[in-house]
Amino acid sequence: MTYPFTLISHSLCPYVQRAAIVLAEKSIPFDRTYIDLSDKPDWFKAASPLGKVPLLKTGNHRYLFESAPIVEFIDETQAERLHPDDPVERATHRAYVEFASQILNGIGALYSAADEQSFENAKHALRSKFEHLDTRIDATGPYFDRDRFSIVDAAFGPVFRYFDVFDTFTDLGIFNDLPRVRRWRCALAVRPSVANAVTNDYATLLRAFVLKKGSWITGLMLSAESESPAHSIR
Ligand SMILES: N[C@@H](CCC(=O)N[C@@H](CS)C(=O)NCC(=O)O)C(=O)O
């Protein structure tokens, strides 16, 4: 059986996860096609003007690209809206989806940092963004917009997922004394749409990615493995 939507994916891509989470929140069944981004097939290059995942193949065989318009399209056309009705609130939510993208860039800087100083700089830049979020999230929680799961949550589930893996080999301390962010992270981790947006081998694949990076964080992972080889992927 084929479904009206196919999400063109990569196993580790946080932007793909946003679309998968929003589809799941709306109980829309969909197919997934995984792309090897180091060896992109011709049909993918033709369908993706920027050469990136996600793409959403819609029922009429059109491909949508870029996660923000894909997510907005799903939100506008399927089931109840996840974005708020109020235009100011909606614009604010869109801004925090962009904030999540900036945090993803910061995570990229963290795992790419070649030396301890750049690693510490990346860590502090991330920490200050989460400090801001801790002041921004409502005390009642559990989500960005209290008890209403929104697209901002779909953007932050994949952000926190990186730290679930990093926490297995290093104590970054990024969330220390940030109780609202910590509670939000826990609430997203157990939300089925978020938990099921990746395959079961996500952690193994992310560790393999970190190993290949050959950066400062790779050294932290390898030294933790030499002390406790339980998570070793080699
Ligand atoms: N702005 C894009 C970012 C998507 C993105 O960076 N995708 C990455 C994987 S996570 C990709 O496809 N990279 C392949 C490439 O740049 O060649 C979006 O929101 O969809």
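Owing to the predicted nature of the structure, the values given are computational and were not obtained by experimental measurement.

Calculation criteria
Residues numbered from 1 in each chain as written. Predicted model: local features only at pLDDT ≥ 70, side-chain atom pairs only at ≥ 80, totals over all residues. Heavy atoms only, no water. Helix = DSSP H or I, 4+ residues; strand = E, 2+ residues; numbered from the N terminus. Rg over C-alpha atoms; globule rule 2.2 N^0.38 Å. Buried < 20%, exposed > 50% of the residue type's maximum accessible area, 1.4 Å probe, protein only. Contact = heavy atoms within 4.5 Å. Areas by Shrake-Rupley, 256 points an atom, 1.4 Å probe, with all protein chains shown as cover. Lys, Arg positive; Asp, Glu negative; His and termini not counted. Charge placed at Lys NZ, Arg CZ, Asp CG, Glu CD. Core = buried A, V, L, I, M, F, W, Y, C linked by side-chain atoms within 4.5 Å. Near = heavy atom within 4 Å. Polar contact = N/O pair within 3.5 Å; in protein donor to acceptor, adjacent residues only side chain to side chain. Axes fitted to C-alpha atoms, helices over the stretch in contact; angles between N-to-C directions. Parallel < 35°, antiparallel > 145°, perpendicular 65-115°, else oblique. Nonpolar A, V, L, I, M, F, W, Y, C, P; charged D, E, K, R; others polar.

Draft legend 1. The arrangement of the overall build of the protein in detail. Secondary structure assignment for the protein yields ten helices and four strands. In sequence order, the secondary structure elements of the protein are arranged as β-α-β-α-β-β-α-α-α-α-α-α-α-α. Here the protein has a C-alpha radius of gyration of 18 Å; the compact-globule value for 234 residues is 17 Å, and the two agree. With 234 residues in all, the protein has 46% of them scored as buried. Relative to all contacts within the protein whose residues are 6 or more apart in sequence, the contacts with residues 24 or more apart total 68%. As presented, the protein carries roughly 11,500 Å² of accessible surface, and 51% of it is formed by carbon and sulfur atoms. Separation of charge centres in the protein, based on 27 positive and 30 negative side chains, amounts to 2 Å.

Draft legend 2. Quick peek at the nonpolar core. In terms of nonpolar packing, the biggest core is built from 70 residues, with Ile107, Phe130, Leu133, Phe156, Phe163 and Phe166 touching the most fellow members. In terms of residue count, the dominant contributor to this core is helix α6 (residues 151-166) (eleven residues). In contact with phenylalanine 166, not counting residues within four places along its chain, are Ile107, Leu110, Tyr111, Leu172, Leu206, Val210 and Ile217.

Draft legend 3. Quick peek at the site of the ligand. Lining the immediate surroundings of the ligand are Cys13, Pro14, Tyr15, Leu37, Lys40, Gly51, Lys52, Val53, Pro54, Glu66 and Ser67. Separating an oxygen atom of the ligand from a side-chain N or O atom of lysine 40 is a distance of 2.6 Å. Valine 53 places a polar main-chain atom, nitrogen or oxygen, 2.9 Å from an oxygen atom of the ligand. Coverage of the ligand by the protein chains reaches 72% of its 520 Å² of free accessible surface.

Draft legend 4. Here's a closer look at the packing of α6 against helix α9 (residues 202-213). It is the contact of α6 with α9, at a shortest axis distance of 10 Å, that shows an interaxial angle of 75 degrees. With respect to their mutual orientation, α6 and α9 come out roughly perpendicular. When α6 is examined against α9, the residues Arg161, Tyr162, Val165 and Phe166 are found in contact with a partner set consisting of Tyr202, Ala203, Leu206, Arg207 and Val210. In the contact of α6 with α9, the residues fall into seven nonpolar, no polar and two charged.

As far as function goes, none of this settles anything; it's purely spatial.
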